[in-house]
Every structure is written in structure tokens, then in C-alpha cells.
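Working through the structure, step by step
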Amino acid sequence: MNILLLGSNGQLGHSFLEQGGLATHGHVFAASRDGHRFDGSTTEIADLSEPQSLLDLLDKLQPDVIVNAAAYTAVDRAEREEDLATRVNGIAVGMLGTWAAAHDALVVHYSTDYVFDGSATTPYPVDATTAPLGAYGRSKLAGERALLESGAKHLLLRTAWVYASHGNNFLRTMLRLAADRDELRVVADQHGAPTSTDIIVNATLVALDRWQQANATQRAALQGIHHLVASGFTSWHGFASAIFQAAHEQGLIQRIPRVVPIATAEFPTPAKRPSWSVLDNTSFQQRFGYALPNWQDGLHGVVKTLSTQAS
């Protein structure tokens, strides 16, 4: 089986390649925007900002599974680059779906909590009404709709508050700031489930295992939108506090800075964030028979990885 991994240099794509589990399912073709991988090796070139260019690559590789870990994720910049965000997150996804539908391939695609407006007070089920607040969320919702309308076999996996031991993310930013600050002010009125890329990769591989073993009827039941997030939830303030505690225990930081809770209004950004990003992951766990770990477990795993790398 041929597997095309798009976005191999991003947080999630990087984790897929480091973990190595995709290779147990078939031959993996990694692709990046510039043809260079994070470890210095070369990859296929796939620039989702030029959606039409994807067709030649797909025709050449003939993938049986397309894992789309590529995305435009600059939430604030998207407010002034919505056309670009929509090409990458929307139009390109539709082209992947159209090709996959014509070639009987499976598309594994990742979406986001930003398709919701954050006005809920209980975890969002997969069929909750979507109402994105900004350009990034609109572009990701456009991709969801394009994939669903393409008729392709698909696993559409919404996730949230993604971080890893590599790349640019909240955890790494907090650790960098903790090195020279005694006090940090962190938003406490936005809630979600911090989800490490390790959790996403492991759960995706379980889903692929189930898909490969399933017959046509079973695949029809597996197909669709799922929420792939860690279990439980916290605030950004709670996440920051947990990061510092775990990092201190592992010797990554020498002291724990004071974390002051603030309101979203005290930290204005160009793009409005959902205040409630908690997604109900029950259906994923039931459909695929896999218990998604608590967000604290994911955090401890990532901090331990960083500690090992530092030693």
C-alpha cells in the first residue's frame, strides 16, 4: 500500500515520521512544500497553496492512503490572508478528495476546534452546528465541506490545542519565557484539551489499523467526522501551570514562575478565539476501540521527551 504524508515538516507530520508507525502500513512517501525534510533528507514536493499542482504528484505516486497533515495554521495572519488560507485549507483539500474518490483512496484529514464559535458549555459533539469566528476557522470548515462533498472515503479528524516537543507551540513558548521571567500572565477564560501530536499519531494509526481490517460495511460505519483530542480539559492558564510543574520535576527549569490568570480581553489578538474548545471524543473511542489519554498524560510524555533530549 502506498501512503502519501503531506506536511511532513509540520508538527504533526514530523511526529508521524519520527514515530515510524505509518511505515508498518505500507510504503510512505513524505512530502513537504520545499522538498526538504527536517532531518536534511529530501521529500516529494507538495505545495497546497498551489492546489492544481497536487494532481501531478498524486498521479505519479498513486497513493492508497493520503494523510493530510499540512495546513495553514497562522490564525492571526489568516485575518489578512484569507485567500491563501482557503487555498491551503479548503480548495487543496477538495482536490485531494476529488482525486481520492476517482482512485478509491482513503483521505485522512485533520481539522480544528475553530470551526465552532465557542459559545457551548458542554463538549461539542461531532454533529454540533459549526460557526467559525474568523478566517482560519472558515478556511478549515471549507476544507471539511469540500472533502465531504468530494465523495472520497475519509476519516476527518478534528483536533485542538496541538503541541509537540518540536516546532512552534504553546508549550515550547512557555518554557522559553520561563527561562528569564519570574511572572507570566496567561489567559484563563478559554478552555480546551491540550493534545500532543504523539496522541494524534498513535490514535490515527489505530484508526488506520481498524480501517484496513474492516470490510465495506464496517468501513462505512468508521468513515466520517471524529473528534481526536486528549480526554479532559483545562484553560491556557491551567495548561501553563501544569507545564511548569512537569518541567520542574524533570529538571528542565530551575524554578517555577508565577502564573497570573487574565481574561481574554486583556490579551487582544487580531483573530477572535473560541472561549470553549472542548470536543467530545466519545465517538472516536467507541468506533475505534481506543481510549484517548488524558491531556496530563500527553503533557508528561512530551516533557519527558524534552528532558531526555536535554540530557
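What counts and what doesn't
Residues numbered from 1 in each chain as written. Predicted model: local features only at pLDDT ≥ 70, side-chain atom pairs only at ≥ 80, totals over all residues. Heavy atoms only, no water. Helix = DSSP H or I, 4+ residues; strand = E, 2+ residues; numbered from the N terminus. Rg over C-alpha atoms; globule rule 2.2 N^0.38 Å. Areas by Shrake-Rupley, 256 points an atom, 1.4 Å probe, with all protein chains shown as cover. Pairing = 2+ DSSP bridges. Contact = heavy atoms within 4.5 Å. Axes fitted to C-alpha atoms, helices over the stretch in contact; angles between N-to-C directions. Parallel < 35°, antiparallel > 145°, perpendicular 65-115°, else oblique. Left-handed = near helix turned anticlockwise from the far one by under 90°. Salt bridge = Lys/Arg side-chain N within 4 Å of Asp/Glu carboxyl O. Nonpolar A, V, L, I, M, F, W, Y, C, P; charged D, E, K, R; others polar. Core = buried A, V, L, I, M, F, W, Y, C linked by side-chain atoms within 4.5 Å. Buried < 20%, exposed > 50% of the residue type's maximum accessible area, 1.4 Å probe, protein only. Right-handed = clockwise from strand over helix to strand, strands pointing away. Phe/Tyr/Trp six-rings, centres within 6.5 Å; stacked < 30°, edge-to-face > 60°. Expected span 1.5 Å × (residues − 1).

1. A short note on the overall build of the protein chain
The helix and strand inventory of the protein chain stands at 10 helices and 13 strands. The C-alpha atoms of the protein chain give a radius of gyration of 19 Å, which matches the 19 Å a tight globule of 311 residues would have. By principal-axis analysis of the C-alpha atoms, the protein chain measures approximately 55 × 45 × 40 Å. Carbon and sulfur atoms make up 48% of the accessible area of the protein chain, which totals about 13700 Å².

2. Thoughts on the sheet that holds strand β4 (residues 65-68)
Strand order across the open sheet formed by 7 strands is β3-β2-β1-β4-β5-β6-β11, with parallel pairing between neighbours. Every interior strand has two partners, whereas the edge strands, β3 (44-45) and β11 (224-227), have only one. Here strand β5 (residues 106-112) runs beside strand β6 (residues 153-159); their pairing, made up of 7 bridges, is parallel. By the bridge assignment, L106 is partnered in β6 with K153. Along the sheet face, helix α4 (residues 135-150) touches β5, β6 and β11 and points at about 155 degrees away from the line of β5.

3. Side note on the packing of helix α5 (residues 170-178) against helix α10 (residues 295-310)
Running from N to C, α5 and α10 point in directions that differ by 55 degrees, and their axes come no closer than 12 Å. As the angle between them shows, α5 and α10 are arranged oblique. The chirality of how α5 crosses α10 is right-handed. For the pair formed by α5 and α10, the contact residues are L171, R172 and L175 on the first element and L299, V302, V303 and L306 on the second.

4. Section: the pattern of salt bridges
By the definition in use, this model includes 10 salt bridges. We note a salt bridge from R77 to E81, for which the minimum N-O separation is 3.3 Å. The partner of K153 in a salt bridge is D104, and the shortest N-O contact between them spans 2.7 Å. Of this pair, K153 sits in strand β6 while D104 sits in the loop between α3 (82-103) and β5; the two residues are 49 residues apart in sequence, bridging distant segments of the chain.

5. Topic: the packing of helix α2 (residues 54-61) against α3
Angle between the axes and distance between the axes: these two values describe a pair of packed helices. At their nearest, the axes of α2 and α3 sit 10 Å apart, and the two run at 30 degrees to each other. As far as their axial angle goes, α3 and α2 are roughly parallel. The handedness of the crossing between α2 and α3 comes out as right-handed. Across from L54, L55, L58 and D59 in α2, the residues of α3 making contact are A92, M95, L96, W99 and H103. Looking at the contact of α2 with α3 residue by residue, the class counts come to 7 nonpolar, 1 polar and 1 charged.

6. What to know about the nonpolar core
Formed by 67 residues in total, the largest nonpolar core has its most connected members in F16, V67, V108, L171, F244 and L299. Residues in contact with F244, not counting those within four places in the same chain, are M174, L175, A178, L184, I253, I256, P257 and V259. Counting 31 residues, the second-largest nonpolar core is a separate cluster that includes A46, L61, V88 and Y136.

7. Some points on the environment of R80
Topologically, R80 is positioned in the loop between β4 and α3. Using a relative accessible area of 65% as the deciding quantity, one classes R80 as exposed.

8. Observations regarding the pairing of strand β2 (residues 27-32)
Regular strands have side chains that alternate between both faces of the sheet. By the bridge criterion, 5 bridges tie strand β1 (residues 2-6) to β2 in an arrangement that is parallel. Its bridge partner being in β2, L4 is matched across the sheet by F29. Chirality of the crossover, the property in question, places the unit of β1, helix α1 (residues 11-19) and β2 among those that are right-handed.

9. Some words on the packing of aromatic side chains
For any two aromatic rings, the description comes down to two numbers: the centre-to-centre distance and the angle of the planes. All chains considered together, the criterion is met by 10 aromatic pairs. The interplanar angle of 40 degrees and the centroid separation of 4.7 Å between the aromatic rings of F284 and F288 together place this pair among those described as tilted. Of this pair, F284 and F288 are both found in helix α9 (residues 282-288), 4 residues apart, which corresponds to roughly one turn of the helix. For the residue pair F284 and F288, the accessibility class agrees, reading buried in each case. Here a set of aromatic residues connected by ring pairs shows up, and it is made of W161, Y163, F170, W236, F239 and W295.

10. Considerations on the environment of A271
In this fold, A271 is placed in the loop between β13 (258-262) and α9. Note: C-alpha distance between A271 and G137 (134 residues apart in sequence) is 9.9 Å. Sequence-distant contacts of A271, defined by excluding residues within four places in its chain, comprise V75, D76 and E79.

11. Remarks on the environment of G301
On the secondary structure map, G301 appears in helix α10. Considering only alpha carbons, one finds G301 and A246, 55 residues apart in sequence, at a separation of 9.8 Å.

12. Section: α4
Between its terminal C-alpha atoms α4 stretches 22 Å, which fits the 22 Å expected from 16 residues at 1.5 Å a residue. Burial in α4 covers these residues: A135, Y136, G137, S139, K140, L141, G143, E144, L147 and S150. Close packing links the buried residues of α4 with α3, β5, β6 and β11. Just beyond α4, the residue with positive phi is G151, at close to 85 degrees.

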